[in-house]
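# An overview of the molecular structure
Chain residues, written in single-letter form:
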Amino acid sequence: MPAKPTTVALQAALTSALAQYAELMGQPFPRVPELDLHSDADFWALAELEGGGFAIRVGGGVVPMLERLWGDAFSDEDFTEGVSLPLVADKVDAIHVSLVWLIFHEMQHFELGHFDLIGSSIISETERGKAFSLASRGSISSERVKNFGDAPQFLIEQCLELQADHDGAELVLDAYSTDEWPSLRARIAAISAMMMLIEREDAKLVEQAQSSHPKAATRIFQLLGHVMEMPLIPAQRKAILNGADAIDPADLPSDAEQSAFNREVVIPAFFDAVNLARVAGAQSIRQDLGEAGAFFQDVQIAKIGDVDAFESLQTVGAKQWAELVVINEQLKADHS
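All of the points below concern the structure found in this document. Please read all numbers here as calculations on a predicted model, not as lab measurements.

### Examining helix H7 (residues 153-173)
Look at H7: 30 Å from first C-alpha to last across 21 residues, which is about the 30 Å you get at 1.5 Å a residue. For H7, a buried count of 17 out of 21 residues is recorded, marking the element as mostly surrounded by other parts of the structure. Looking at the residues trailing H7, positive phi occurs at Asp174, about 70°.

What follows is the structure in structure tokens.
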């Protein structure tokens, strides 16, 4: 009997993720995940340690909901008229890239040691997913985290989600190249779409204020902040490899190139996210993203890294990011 289309889509995403990881990291992923697709119609996903193995479990509603969102997006003139995404030429490509990011996100929970950090064998991407784990999640049991200040459990979990977001996105976005601007924008849109669906479905079961996941706008704020830095990363890495105290200005892209990158990739990626939120009927996410001027002003404030200046942040996503980044830096320092 041939495999169901949903199974094929998820297996293809896992295969792509493992191949991409091996190519970029120069070695295979340390523990190949078992992919476990459930037959229910709900949207959920989780990573779980089981009997010495590592499993990624996915609800049967994930692929159909992605199909619906991307189908609606490519049928929407306001979305398609402003989009030129060769990598995402149709909804099948879009679904694939969205799923690859989800798989990478789960893999990064494993690679970053999050299970050990929180003393749990499962990390779920939505509240509903907890019911499908083989073990009860319960409260954080790790003494490493229990002894970490007064931060509530859900804020620590949100920090770990941003860590997995960041590293998973790096693997999907790949290295900076001027030849990859259109496909880079496409991959950003695919990641944003999955982030929105996670919030939209999780909000049906849990109050956002107590969710173990950051808002989609917060995740997109971090994502686009990273994207803005991508032209500088090759020069930064070269300086580190050479043991230099500072970046050689000759290694940096020209001001004209960086401006063009912002015009052709970063700013359009923000409006892609706005349009996806509208298509998804996620008005709260649209409001949380704010207006482009305020969003990118907040990104500039975040890049400077002055905690005192965080009080001037305007958008909802930026404000939550600022709260979490302070906790996250303390978490990494105390438990490194």
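### A closer look at the nonpolar core
Of all hydrophobic cores here, the largest spans 98 residues; its most connected members are Trp70, Leu99, Leu173, Ile188, Met194, Val227 and Leu289. Here the element with the most residues in this core is helix H8 (residues 181-202); it accounts for twelve residues. Leaving out residues up to four positions away in the same chain, Leu99 has contacts with Ala9, Leu10, Ala13, Val62, Val63, Leu66 and Met194.

### A closer look at unusual backbone geometry
Of note, the phi angle at Asp174 is positive, near 70°, even though the residue is not glycine. Tracing the sequence through the fold places Asp174 in the loop between H7 and H8. By relative accessible area, which is 31% here, Asp174 ends up partly exposed.

### A closer look at helix H10 (residues 233-241)
Of the residues making up H10, those classed as buried are Ile233, Ala235 and Ala239. Take H10 and look down its axis: the buried residues cluster within an arc of 165°, on one side only. Along H10, exposed side chains directed more than 90 degrees from the buried face belong to Ile240 and Leu241. Just beyond H10, the residue with positive phi is Gly243, at close to 70°.

Calculation criteria
- Residues numbered from 1 in each chain as written.
- Predicted model: local features only at pLDDT ≥ 70, side-chain atom pairs only at ≥ 80, totals over all residues.
- Heavy atoms only, no water.
- Helix = DSSP H or I, 4+ residues; strand = E, 2+ residues; numbered from the N terminus.
- Expected span 1.5 Å × (residues − 1).
- Buried < 20%, exposed > 50% of the residue type's maximum accessible area, 1.4 Å probe, protein only.
- Core = buried A, V, L, I, M, F, W, Y, C linked by side-chain atoms within 4.5 Å.
- Contact = heavy atoms within 4.5 Å.
- Arc of directions from axis to C-beta.

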